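# Residue-level structure breakdown
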Amino acid sequence: MPPAEAPAAVPTLRQRRRAVAVQEILSAAESHIAEHGPHSLSLRAVARSLGMTVQALYHYFPSRDDLVTALITKAYDDLADAVQATVDAAHDTAVPRLVVAAEGYRRWAIANPERFQLIYGAPLQHYRAPADGPTTQAVRRMSAIFQQELFAGLTTEQLGAADTPALSPALRKHLEGLPPDGLGDLPPAAAALILSSWGHMHGLVALEVFGHTAFIGTHQAEIFRMAMLDMYDDVHRRIPAAEAGVAPPEPTA
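Presented here is a report on the structure given in the accompanying data block. (Residues numbered from 1 in each chain as written. Predicted model: local features only at pLDDT ≥ 70, side-chain atom pairs only at ≥ 80, totals over all residues. Heavy atoms only, no water.)

Within this structure, the stated rule accounts for eight aromatic pairs. Note on Phe 116 and Tyr 120: the rings are 5.2 Å apart at their centroids and 55 degrees apart in plane angle, and the pair reads as tilted. With Phe 116 and Tyr 120 both in helix α6 (residues 113-120) and four residues apart, the pair spans about one turn of that helix. Of the aromatic side chains, those joined through ring pairs into one cluster are Tyr 76, Tyr 105, Phe 116, Tyr 120, Phe 146, Trp 198 and Phe 210. (Phe/Tyr/Trp six-rings, centres within 6.5 Å; stacked < 30°, edge-to-face > 60°. Helix = DSSP H or I, 4+ residues; strand = E, 2+ residues; numbered from the N terminus.)

Below you can see the structure in the form of structure tokens.
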């Protein structure tokens, strides 16, 4: 029999209190962003709203960058949770799950415009995300959901034979060198397709969140679904059926 797993360590009282304090700080920072926008965020403003000193706040977030990184990571995770929950609850089999996921993405963005702006708007001045840190991991989680729903049931051979415009040798080499826990596990043609699809979806959402499609009025959801259905159909028209037995194209020299 396999050895029994060791029971998880119970957090200490101090650790639990710290976790509660961190969540209170993040909630206060999110409220500040919702009221004043992400570019006004400062440790002093957050500390003041909590009735604590900046020095006390430093015990939890030593710098503004640390707080921003935590906020961005949480925003990505909350967005991914919302998208996954939307897909899991989908019962309309007539609508591709990729379209359902895209609509979940859109609804979260519309409901949380300031947090959407934090992760996808103009970069915050002087902020630099840690290389391959928690924000990167959160982005990869989001990407994995859309990759799963766009390419579910397709083989590597099918994806490698996708009908796309010829990729330059430099682009193909770059796509092949992406991390394996991101787009790097896809053939270059499929990676190019999902990047293009993501740009299409995200671009429409960003236009709506920032008010550039307000002239469409209450019909924006219908326009978005139509665009996502067209995008999904176009991607799948480019991928050969499994029974075709085609081999992936030879890399360009």
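Before going further, it helps to spend a moment on empty space enclosed by the protein. Considering all chains together, one arrives at one cavity of 30 Å³ or more under this definition. Lining the largest cavity are Leu 98, Phe 146, Leu 150, Ile 194, Ser 197, Trp 198, Met 201 and Met 231. Those elements that provide at least two residues to the lining of the largest cavity are α7 (134-151) and α10 (188-209). In terms of residue count, the dominant contributor to the lining of the largest cavity is α10 (four residues). (1 Å grid on protein atoms, 1.4 Å probe; cavity = no way out; pocket = protein on both sides within 12 Å on 5 of 7 lines; lining within 4 Å. Points joined across faces, edges and corners; volume = space filled by probe spheres on them.)

A word on the side chain of Thr 86. Along the chain, Thr 86 falls in helix α4 (residues 64-88). Judged by relative accessible area, which is 18%, Thr 86 ranks as buried. A polar contact of 2.8 Å, which involves the side chain of Thr 86, links it to the backbone oxygen of Ala 82. Non-local contacts of Thr 86, meaning those with residues more than four positions away in its chain, are made with Val 100, Gly 104 and Arg 107. (Buried < 20%, exposed > 50% of the residue type's maximum accessible area, 1.4 Å probe, protein only. Polar contact = N/O pair within 3.5 Å; in protein donor to acceptor, adjacent residues only side chain to side chain. Contact = heavy atoms within 4.5 Å.)

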